[in-house]
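# Chains, contacts and geometry: an overview
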Amino acid sequence: MKIPLGTISYWRHMDRSKRGECPGKSPARPCPRCDGRELDEAAYSYLLGLYLGDGCISPHRRGSGHYLRIACADAWPGLIELCRVAIAAVRPGVSVAVVQRQGCVMVSSYDRHWPCLFPQHGPGRKHERTIALADWQREIVDAHPWEPIRGLVHSDGCRNMNWTTRVVQGERKRYEYPRYWFTNVSDDIRQLYTDTLDRLGVEWKHCTRHGKPYNISVARRASVALMDAHIGPKH
């Protein structure tokens, strides 16, 4: 079988690329984990929340790097921009693409070191495997606790208006109040969320719906005010 010269040239190029021998190859960007490069910890904490909520990491089919992808709804252009800025702050110099999908966009970036920065990466869905922070991640989250909460709420949560009825002077009246809502199937990710809320003094409760305890509600007035001061509604 005769192999086209173009195919052979491509194979040789990919082999040289993997060995770092391509002419004009740009120098590798130092990694905070591998090379000790300074890390924007606040931006990282926020991006960690987004990744745990609606993110994934996947290897390039032929290259040595990985894609970080964060799904963001079209309805929240402010969130899309916050996500893009956070990725650029965590890995300065990498390209960040916004790829349109049906009903959402994928904020995507290609780099060799995304698995270094997010060791929670692994095969299968997040709720089907253990999600635990590394010690160095825990130190960052402890130093910037509101940022992962913002990321988790922006990805898998919302601020909405709830309502109930009360009897006032013999008359039943409708009563509305704001509430923060977070939904995630992973027990570990919900635990990370509620543990951090506890450290921040935010009162919360589980809300089981249809027999599934996937929802966390923050509805106490003082706790909602605290969340509003640091998070606010998505935009």
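In case you missed it, the structure is sitting above this.
About the criteria used
Residues numbered from 1 in each chain as written. Predicted model: local features only at pLDDT ≥ 70, side-chain atom pairs only at ≥ 80, totals over all residues. Heavy atoms only, no water. Helix = DSSP H or I, 4+ residues; strand = E, 2+ residues; numbered from the N terminus. Buried < 20%, exposed > 50% of the residue type's maximum accessible area, 1.4 Å probe, protein only. Polar contact = N/O pair within 3.5 Å; in protein donor to acceptor, adjacent residues only side chain to side chain. Contact = heavy atoms within 4.5 Å. Patch = residues over 30% accessible without salt bridge, like charges linked within 9 Å, V, L, I, M, F, W, Y side chains within 5 Å. Areas by Shrake-Rupley, 256 points an atom, 1.4 Å probe, with all protein chains shown as cover. Salt bridge = Lys/Arg side-chain N within 4 Å of Asp/Glu carboxyl O. Lys, Arg positive; Asp, Glu negative; His and termini not counted. Charge placed at Lys NZ, Arg CZ, Asp CG, Glu CD. Axes fitted to C-alpha atoms, helices over the stretch in contact; angles between N-to-C directions. Parallel < 35°, antiparallel > 145°, perpendicular 65-115°, else oblique. Left-handed = near helix turned anticlockwise from the far one by under 90°. Nonpolar A, V, L, I, M, F, W, Y, C, P; charged D, E, K, R; others polar. Pairing = 2+ DSSP bridges. Phe/Tyr/Trp six-rings, centres within 6.5 Å; stacked < 30°, edge-to-face > 60°. Lys NZ or Arg CZ within 6 Å of the ring centre and 35° of its normal.

## Brief notes about the side chain of Arg 91
Note that Arg 91 resides in the loop between helix H3 (77-90) and strand E3 (96-101). Exposure remark for Arg 91: the relative accessible area of 0% places this residue in the buried category. Of note is the side chain of Arg 91, whose polar atom sits 3.0 Å from the side chain of Asp 111. Contact partners of Arg 91, with chain neighbours within four places excluded, come to Arg 29, Pro 30, Cys 31, Pro 32, Asp 111, His 113, Trp 114 and Leu 117.

## Let's talk about a negative patch on the surface
Among the surface-exposed residues, Glu 38, Asp 40, Glu 41, Asp 135 and Glu 139 lie close enough to one another that they form a single negatively charged patch. Looking at the element boundaries, Asp 135 is found in helix H5 (residues 135-143). Asp 135 sits in the exposed class, given a relative accessible area of 65%.

## Thoughts on the packing of H5 against helix H7 (residues 187-200)
Orientation of H5 relative to H7, taken along the N-to-C sense of each, is 45°, at an axis distance of 11 Å. With respect to H7, the axis of H5 lies oblique. With respect to the hand of their crossing, H5 and H7 are arranged in right-handed fashion. Here Arg 138, Val 141 and Asp 142 of H5 lie close against H7, whose contacting residues are Leu 192, Thr 196 and Arg 199. Residue composition of the contact of H5 with H7, grouped by class: two nonpolar, one polar and three charged.

## Quick word on the pairing of strand E1 (residues 55-59)
The sheet contact formed by E1 and strand E2 (residues 66-73) spans five bridges and is antiparallel. From the neighbouring strand, Pro 59 faces E2, where its bridge partner is His 66. Here E1 folds back onto E2, and the loop between the two strands holds six residues.

## With respect to the packing of aromatic side chains
In the structure shown here, the tally under the stated rule is six aromatic pairs. Ring plane angle 40° and centroid distance 4.9 Å describe the contact between Tyr 51 and Phe 118, whose orientation is recorded as tilted. Within this pair, whereas Tyr 51 is found in helix H2 (residues 41-54), its partner Phe 118 is found in the loop between helix H4 (114-117) and H5, the two being separated by 67 residues in sequence. The class for Tyr 51 is buried, based on a relative accessible area of 1%. A connected cluster of aromatic rings, assembled from ring pairs, spans Tyr 44, Tyr 51, Trp 114, Phe 118 and Trp 136. When the ring centre of Tyr 51 is taken as reference, the NZ or CZ atom of Lys 126 above it lies at 4.9 Å. The residue whose ring lies beneath Arg 150 is Tyr 46, and the NZ or CZ to ring-centre distance is 4.7 Å.

## As for the sheet that holds strand E4 (residues 104-111)
Read from one edge to the other, the open sheet built from four strands follows the order E1-E2-E4-E3, with strand pairing classed as antiparallel. Across the chains shown, the open sheet's two edge strands, defined by having one partner strand only, are E1 and E3. Between one strand axis and the next, the sheet turns through 25° on average, direction left out of account.

## Comments concerning the environment of Cys 31
With respect to the element layout, Cys 31 can be found in the loop between helix H1 (5-18) and H2. You can call Cys 31 buried: its relative accessible area is 0%. For the pair formed by Cys 31 and Arg 91, sequence separation is 60 residues and the distance between their alpha carbons is 8.1 Å. If we skip the residues at most four places from it in the chain, Cys 31 touches Gly 36, Arg 37, Arg 91, His 113 and Cys 116.

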